[in-house]
Amino acid sequence: MLLPNIYVRRYVPEDKYSILMLEVEAFAEHNPYEYLGFYEVFQDGFFVCVQNNDIVGFIVGYALSDSEGHIFSLAVSKFHRNHGIAELLIDHMCTYFLFKGLQRASLEVRVSNVPAISLYRKIGFEAVWIELKYYGDGEDGYVMMVNLNSYFFQKEQFRMSKELSKKREEGVN
């Protein structure tokens, strides 16, 4: 369930400290300052999720080619996980990619990150191959992709199904 008073907006330099804190919390294996510098290079595709003026998550993506957008990084505060924030950020990024004329989105995820893999599969991403020893500690990573038109079609089908179920429940009561 999505938390109240939540929205996604583009990153601004004043967000730096909050992003660094999320980086440290989510990604212990790399230097948050180096990554933030990289993220800022792709500021056009750098979005934050805000609840009550606090940044609770972020996503960074860019056009990898003329047809593919790449989600480079996604993080949600430990205290705000399992509330739909990651999915909201991915929806925002996929919409951004679609408006840029891209047809697919890709990302990498650790093979051990079962919660993230489950989320990505739930929303339509499929593992297309394994990158052996992709991460600095030697762990393999799945490369996952989704066709953006299919992604949004599936989201609309799910929304319509929920709406129909709600109407049926209301009619029964």
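Residues numbered from 1 in each chain as written. Predicted model: local features only at pLDDT ≥ 70, side-chain atom pairs only at ≥ 80, totals over all residues. Heavy atoms only, no water.

**A closer look at unusual backbone geometry**
In step 1: Of note in the backbone geometry, Asn53 takes a positive phi value of approximately 70° without being a glycine.
In step 2: Here Asn53 shows up in the loop between β2 (46–51) and β3 (54–63). (Helix = DSSP H or I, 4+ residues; strand = E, 2+ residues; numbered from the N terminus.)

**A few points about a nonpolar patch on the surface**
In step 1: On the surface, Tyr17, Met21 and Val24 cluster together into a nonpolar patch covering about 330 Å² of accessible area.
In step 2: For Met21, the position within the fold is in helix α1 (residues 16–26). (Patch = residues over 30% accessible without salt bridge, like charges linked within 9 Å, V, L, I, M, F, W, Y side chains within 5 Å. Areas by Shrake-Rupley, 256 points an atom, 1.4 Å probe, with all protein chains shown as cover. Salt bridge = Lys/Arg side-chain N within 4 Å of Asp/Glu carboxyl O.)

**A short note on the nonpolar core**
In step 1: If you look at the biggest cluster of nonpolar residues, it comprises 31 residues, and the most contacted ones within it are Ile59, Ile71, Leu89, Ile90, Phe97, Tyr120 and Phe125.
In step 2: With eight residues, helix α3 (residues 85–99) is the largest single contributor of residues to this core.
In step 3: Beyond its immediate sequence surroundings of up to four residues, Ile90 is in contact with Ile59, Ile71, Leu74, Leu119, Tyr120, Ile123, Phe125 and Tyr151.
In step 4: Residues Ile19, Leu22, Leu36 and Phe58 belong to the second largest nonpolar core, which totals 14 residues. (Core = buried A, V, L, I, M, F, W, Y, C linked by side-chain atoms within 4.5 Å. Buried < 20%, exposed > 50% of the residue type's maximum accessible area, 1.4 Å probe, protein only. Contact = heavy atoms within 4.5 Å.)

**Concerning the sheet that holds strand β4 (residues 68–76)**
In step 1: Sheet architecture is open: seven strands sit in the order β1-β2-β3-β4-β5-β7-β6, paired in mixed fashion. Strands at the two margins of the open sheet, each flanked by one partner only, are β1 (6–10) and β6 (126–131). Pairs of neighbouring strands in the sheet enclose a mean axial angle of 25°, with direction left out of account.
In step 2: Pairing geometry for β3 and β4, over seven bridges, is antiparallel. (Pairing = 2+ DSSP bridges. Axes fitted to C-alpha atoms, helices over the stretch in contact; angles between N-to-C directions.)

**Remarks on α1**
In step 1: Ile19, Leu20, Leu22 and Glu23 are the residues of α1 that are buried. The buried residues of α1 occupy one face: seen down the axis, they fall within an arc of 165°.
In step 2: Buried positions along α1 lie against α2 (32–41), β2, β3 and β4. (Arc of directions from axis to C-beta.)

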